[in-house]
Amino acid sequence: MPGPSQQRELPDLAPLINQALLDPHLDQEVLQQSCDAARHFGFAGVCTNLNRLQAARERLGPPGPTRLIAVIAFPFGAIPSTLKQAEAEWAAEHGAEELDVVPDFWALSQGRAELFAEELAEICALGLPVHVILNMALLPADRLSLAVDAAIDADVSGLQSGNGFGPAVTAADIRLLANLARGRCGIKAAGGLHTLDQALDMVEAGATRLGTSQGPALMQALRRGQT
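Residues numbered from 1 in each chain as written. Predicted model: local features only at pLDDT ≥ 70, side-chain atom pairs only at ≥ 80, totals over all residues. Heavy atoms only, no water.

### Here's the deal with the overall build of the protein
Okay, so step 1: For the protein, the count of helices and strands is nine helices and eight strands.
Okay, so step 2: Taken over the C-alpha trace, the protein has a radius of gyration of 17 Å; the compact-globule value for 227 residues is 17 Å, and the two agree within 12%.
Okay, so step 3: The dimensions of the protein, computed from C-alpha atoms along their principal axes, are 50 × 40 × 30 Å.
Okay, so step 4: Considering the protein as a whole, with its 227 residues, one finds that 52% of them fall into the buried category.
Okay, so step 5: Approximately 10400 Å² of the protein is accessible, and the part contributed by carbon and sulfur atoms is 52%. (Helix = DSSP H or I, 4+ residues; strand = E, 2+ residues; numbered from the N terminus. Rg over C-alpha atoms; globule rule 2.2 N^0.38 Å. Buried < 20%, exposed > 50% of the residue type's maximum accessible area, 1.4 Å probe, protein only. Areas by Shrake-Rupley, 256 points an atom, 1.4 Å probe, with all protein chains shown as cover.)

### Topic: the pattern of salt bridges
Side chains that carry opposite charge are capable of pairing whenever their charged atoms lie near each other.
Okay, so step 1: Scanning the entire structure with this criterion turns up nine salt bridges.
Okay, so step 2: In this structure, the salt-bridge partner of Arg-39 is Asp-36, at a minimum N-O distance of 3.3 Å. With Arg-39 and Asp-36 both in helix α1 (residues 28–41) and three residues apart, this pair spans about one turn of that helix.
Okay, so step 3: Among the salt bridges present, the one from Glu-114 reaches Arg-112, with a minimum N-O distance of 2.4 Å.
Okay, so step 4: Residue classification places Arg-112 among the partly exposed residues on the basis of a relative accessible area of 37%. (Salt bridge = Lys/Arg side-chain N within 4 Å of Asp/Glu carboxyl O.)

### Points about the sheet that holds strand β4 (residues 98–101)
Okay, so step 1: Strands sit in the order β1-β2-β3-β4-β5-β6-β7-β8 around a closed barrel of eight strands; the barrel is parallel. Within this sheet the neighbouring strands show an average axis-to-axis angle of 25 degrees, counted without direction.
Okay, so step 2: As judged from the three bridges shared by strand β6 (residues 158–160) and strand β7 (residues 186–190), these two strands associate in the parallel manner. Paired with Leu-159 across the strands is Ile-187, a residue of β7.
Okay, so step 3: Strands β3 (67–72) and β4 of the sheet are contacted by helix α3 (residues 81–93), whose axis makes an angle of about 165 degrees with β3. (Pairing = 2+ DSSP bridges. Axes fitted to C-alpha atoms, helices over the stretch in contact; angles between N-to-C directions. Contact = heavy atoms within 4.5 Å.)

### Quick notes on the pairing of β4
Okay, so step 1: Of the two faces of β4, the one lined by Glu-98 and Asp-100 and the one lined by Leu-99 and Val-101 are each fully buried.
Okay, so step 2: When β3 meets β4, the two strands line up parallel, connected through four bridges. Among the inter-strand pairings, Ala-70 is bridged to a residue of β4, identified as Leu-99.
Okay, so step 3: With α3 bridging β3 and the parallel β4, this β-α-β connection has right-handed handedness.
Okay, so step 4: Pairing geometry for β4 and strand β5 (residues 130–133), over three bridges, is parallel. Bridging across to β5, Leu-99 finds its partner in Val-130. (Right-handed = clockwise from strand over helix to strand, strands pointing away.)

### Describing the packing of aromatic side chains
Okay, so step 1: Applying the stated rule across the entire model yields three aromatic pairs.
Okay, so step 2: Here Phe-41 and Phe-43 contribute two aromatic rings whose centre-to-centre distance is 5.6 Å and whose plane-to-plane angle is 15 degrees, an arrangement assigned as stacked.
Okay, so step 3: Assessed through its relative accessible area of 15%, Phe-41 is described here as buried.
Okay, so step 4: Among the aromatic side chains, those forming a connected cluster through ring pairs are Phe-74, Phe-76 and Phe-165. (Phe/Tyr/Trp six-rings, centres within 6.5 Å; stacked < 30°, edge-to-face > 60°.)

What follows is the structure, encoded as C-alpha cells:
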C-alpha cells in the first residue's frame, strides 16, 4: 500500500480532474464558485446534469481548456433509448462538450450486447467524446468484460468506474478497467474520491480522469504536499 502523499511523486492532477456538480440541492452560488475554481485550477472538465447545464455554460464562458460535461440518463440509465438520445442531443445543443452516459444495463443482463452497443454508438455519432458510466460494484466479471468490449466497439472515449451511488472506487477497480480496456480508451475513476492519497492511487492504477466533487480541496492538498 503506498505511503502518505508527502512521500510520493505528486503529478499535476488539474488536467485530470472532472469537477462533479451533480448534487440536486446545489445552489446557484456554489455552482458559480465551482465553475470559477475549475477554470482557475485548469481542470479538465466540469460535469453537471441537464437542468444546470446552461447555467454552467454561461459561467464557464466560451469553450476553453475546462470542458463542460453533461450526464445522460444519470444515475441508473433506466430510460428508453429514444429518451436517452434526446437527452444527449439536447445537451449537445446547449453547450455540452462531452457526455457521461449511463448505458442500458438491462440489455446487458439479457445478453443483448448488440443493443447495449447500438445505443451508445448512436450517442457517439453526435460527435462529442463519450464516457460510459459502468456500475462496477453490481456487474459480475463476465458482464463487465462484455460491457467494456461493447462500449469500445461503440467508439466511446472512456470508461467510468461508477455513478457515485455505491462503494468508493478502489485502485483495484481501476486496474481491472485498465486491463480490460488494454489501452483502447481512457479510464475515469469516480465515486467516493475525496483525498489526495486516493487520487494518487487512482492515477498510479491507470486512471486518466478523476471524477470528484472535491477538486479544489485536492488541489490545495497537492500544493501542501509540494511545499
